[in-house]
Amino acid sequence: MDFNVKKLASGAGVFFTRAVQFTEEKLGQAEKTELDPHLENLIARADCTKNWTEKILRQTEVLLQPNPSARIEEFIYDKLDKKLPSKTTNPELLGQYMLEAANEFGPGTPYGSTLITVGEYQKRLGGAERELLQTSAATFLTPLRNFLEGDWRTISKERRLLENRRLDLDICKARLKKAKQAEAKAAAAPDFQETRPRNYVLSASASALLSEEVDKAEHELRVAQTEFDRQAEVTRLLLEGISSTHLNHLRCLQDFAEAQATYYAQCHHYMQDLQRELNKCANSVSTPHPTPAVCPDPDHLSSAFPSGSSSPRDAVSSLSNHRPSTLAMEQTQLPVTGSRKAKVLYDYDAHDVSELSLLADELITVYTVPGMDPDWLIGERGNQKGKVPVTYLELLS
């Protein structure tokens, strides 16, 4: 191992001198070179960017992964530069448990079939969540980490170099000041024995030494000033790049918001579909089983035809065209509890004859009936009437 003692001693001496200068500045016993106001503003802006980026990154990680143990595991894999194994999301795990429970209870039972339906939609929600996590990590979290672990480290390194150059500059200024003070003192107070030849020679030699010391201090000051100015320019260019960082983070933030919007829209769509499926299941369970078909007596069949029907075929066709569902008949016969106007927010296609199709931005009259599902209302538009989902409406006063 090559161990350079002189280099180590020189480095230790420079470190000690800087420490003394820094301490004296803090105590007000030494002058401090102030940075350019523009550079000071850039440094303050960079510090603010770094602090808020850290907070946003940390809280986004908490939002996307609330489990601290999972976040620690992701951090370890990231530091080891290894790919994190794919994991099942919580909704996917819940959906899997529901499907397994349905197989135990019996898929043909009402509870088992409902578990299967809900479990499938939970797995869909889990898939949407997985896609959100992957998209957010790639488009938002990774750029923030790259800034903190890459650009910011470079900026911090150059700022430390700038601070060292400033300390060196102030040390040279103090050294030159002391040399000039010593030279001026020697010139203002000559030796009283200077008339003697020997003392005169000594005094002249001391004056020459002091003059050389001043020249040396001035040269060191010029070198230190040049290095300080060069480092200040390098640091300024890096700090001005923060504006580009803000633009990049702005695009990443827009991508993150779009990923969230897509995720929540998918969840809303899945839950709307699930709600309709559950309502169909509930209606099928509550509807009594139909009685076996009995062939009617031909002699009495004519009495059952509507007026104006010329044949049994026409009568059956007329009856089938005008026959509402059992649920719709029950709802229209129940007392109304109050009606009001509502604006339709989105298009809606009716899934059966008991529902009413809707068009966005149209106005309809809605009301509820006792015992009705709170997520549904009865809507009327002219002579048309049927169930409509509450989430598709904006109730007006």
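Structure first, text after, so check above.
For every chain, the first residue of its written sequence is number 1, and the numbers climb from 1 along that sequence. Side-chain atom pairs in this predicted model are given and counted only at pLDDT of 80 or more, local residue features only at pLDDT of at least 70, and totals for whole chains, interfaces and linings cover all residues. By convention in this description, side-chain values take in all heavy atoms of the structure and omit both hydrogens and water.

1. What about the overall build of the protein chain?
Stated precisely, the cut-off is as follows: Under the DSSP-based scheme used, a helix requires at least four consecutive residues in state H or I and a strand at least two consecutive residues in state E, with every element numbered from the N terminus. For the exposure calls, accessible area comes from a 1.4 Å probe over protein chains only, and a residue counts as buried if that area is under 20% of its type's maximum, exposed if over 50%, partly exposed in between. Here a residue-residue contact requires only that any non-hydrogen atoms of the pair lie within 4.5 Å. Per-residue and other accessible areas follow the Shrake-Rupley method at a 1.4 Å probe size, with only the shown protein chains counted as cover for residues.
Looking only at helices and strands, one finds 10 helices and five strands in the protein chain. Residues counted as buried form 27% of the 397 residues belonging to the protein chain. In the protein chain, of all internal contacts separated by at least 6 residues, the share reaching a separation of at least 24 is 70%. Counting every atom, the protein chain has about 26,500 Å² of accessible surface; 57% of that belongs to carbon and sulfur.

2. Structural notes on the packing of aromatic side chains
Selection criterion: Aromatic pairing here means that ring centres of Phe, Tyr or Trp (its six-membered ring) are within 6.5 Å. Orientation follows from the plane angle: under 30 degrees is stacked, over 60 is edge-to-face, and everything else is tilted. We call a charge positioned above a ring when the Lys NZ or Arg CZ atom is no farther than 6 Å from the ring centre and deviates by at most 35 degrees from the ring normal.
Taken as a whole and judged by the stated rule, the model has seven aromatic pairs. Aromatic pair Phe140 and Phe256: ring centres 4.8 Å apart, planes at 15 degrees, arrangement stacked. Residue Phe140 is located in helix H5 (residues 110-188), and its partner Phe256 is located in helix H7 (residues 242-286); the two are separated by 116 residues in the primary sequence. The exposure classification of Phe140 matches that of Phe256, with both residues buried. For the pair Tyr348 and Trp376, a centre-to-centre distance of 6.4 Å together with 70 degrees between the ring planes defines the contact as edge-to-face. One end of the pair, Tyr348, is in the loop between strand S1 (339-344) and strand S2 (363-367); the other, Trp376, is in strand S3 (residues 376-381), and 28 residues separate them in sequence. Across this residue pair, the class does not change: Tyr348 and Trp376 are buried. Among the aromatic residues, those joined into a cluster by ring pairs are Tyr346, Tyr348, Trp376 and Tyr392. Lys55 extends its terminal NZ or CZ atom over the ring of Trp52, reaching a point 4.5 Å from the ring centre.

3. Focus on the packing of helix H2 (residues 37-64) against H5
Heads up, the condition is: Only C-alpha atoms enter the line fits that serve as axes; for helices the fit covers just the stretch in contact. Angles between N-to-C directions range over 0 to 180 degrees. Any angle from 65 to 115 degrees is called roughly perpendicular, while one under 35 is roughly parallel, one over 145 is roughly antiparallel, and all others are oblique. Crossings are sorted by hand: turned counterclockwise from the far helix by less than a right angle, the near helix makes the crossing left-handed, and turned clockwise it makes it right-handed. Throughout, the ten residues Ala, Val, Leu, Ile, Met, Phe, Trp, Tyr, Cys and Pro are labelled nonpolar, Asp, Glu, Lys and Arg are labelled charged, and all others, Gly among them, are labelled polar.
At a minimum axis distance of 10 Å, the contact between H2 and H5 shows a crossing angle of 150 degrees. In terms of orientation, H2 and H5 fall into the roughly antiparallel class. Relative to H5, the crossing made by H2 is left-handed. Grouping the amino acids of the contact of H2 with H5 by side-chain chemistry returns 15 nonpolar, four polar and six charged.

4. Observations concerning a negative patch on the surface
As a reminder of what qualifies: For patch building, the residue pool is restricted to those with more than 30% relative accessible area and no salt bridge; the joining distance is 9 Å between like charges and 5 Å between nonpolar side chains (Val, Leu, Ile, Met, Phe, Trp, Tyr). Here, a salt bridge means any side-chain nitrogen of Lys or Arg that lies within 4 Å of a carboxyl oxygen of Asp or Glu. We treat Lys and Arg as the positive residues and Asp and Glu as the negative residues; His and chain ends play no part in the count. Lys charges are placed at NZ, Arg charges at CZ, Asp charges at CG and Glu charges at CD.
Taken together, Glu183, Glu212, Glu213 and Asp215 make up a surface patch of like negative charges. Here the element with the most residues in the negative patch is helix H6 (residues 197-240); it accounts for three residues. By the secondary structure assignment, Glu183 is in helix H5.

5. Describing the packing of helix H4 (residues 90-105) against H5
It is the contact of H4 with H5, at a shortest axis distance of 7 Å, that shows an interaxial angle of 160 degrees. The angle between H4 and H5 places the two elements in the roughly antiparallel class. Crossing handedness for the pair H4 and H5: left-handed.

6. Notes on the nonpolar core
Applied cut-off: What makes a nonpolar core is a set of buried Ala, Val, Leu, Ile, Met, Phe, Trp, Tyr and Cys residues whose side-chain atoms join them at distances within 4.5 Å.
Ranked by size, the top nonpolar core spans 42 residues in total, and within it Leu35, Leu39, Phe140, Leu162 and Leu239 carry the most contacts. When contributions to this core are tallied by element, the ones reaching two or more residues are H2, H4, H5, H6 and H7. Of the residues forming this core, the biggest block, 18 residues, is contributed by H5. With sequence-adjacent residues up to four places away left out, Leu39 is seen in contact with Leu162, Ala232, Arg236 and Leu239. Listed in part, the 16 residues of the second largest apolar core include Tyr348, Trp376, Leu377 and Val388.

7. Considerations on the sheet that holds S1
Here is the rule we go by: Pairs of strands are assigned from DSSP output, requiring at least two bridges between the strands.
Spatially, the five strands line up as an open sheet ordered S4-S3-S2-S1-S5, and their pairing is antiparallel. The strands lining the two open edges of the sheet, one partner per strand, are strand S4 (384-389) and strand S5 (393-395). Direction aside, neighbouring strands of the sheet carry axes that sit 40 degrees apart on average. Bridging between S2 and S3 involves three bridges; their strand directions are antiparallel. Across the sheet, Val366 pairs through a bridge with Gly379, a residue of S3.

8. Brief notes about the pairing of S2
Along S2, four of the five residues are buried, which leaves the element largely enclosed by surrounding structure. Bridge count between S1 and S2: five bridges; the pairing is antiparallel. Following the sheet pairing, Arg340 is matched in S2 by Val366.

9. Quick word on the pattern of salt bridges
This model, assessed by the stated rule, comprises 15 salt bridges. Across the pair Glu92 and Arg130 runs a salt bridge, and its minimum N-O distance is 2.5 Å. Of this pair, Glu92 sits in helix H4 while Arg130 sits in helix H5, and the two are 38 residues apart along the sequence. Exposure remark for Glu92: the relative accessible area of 15% places this residue in the buried category. The class of Arg130 is partly exposed, set by a relative accessible area of 22%. Within this structure, Glu163, Arg166 and Asp170 form a network of salt bridges that share partners.

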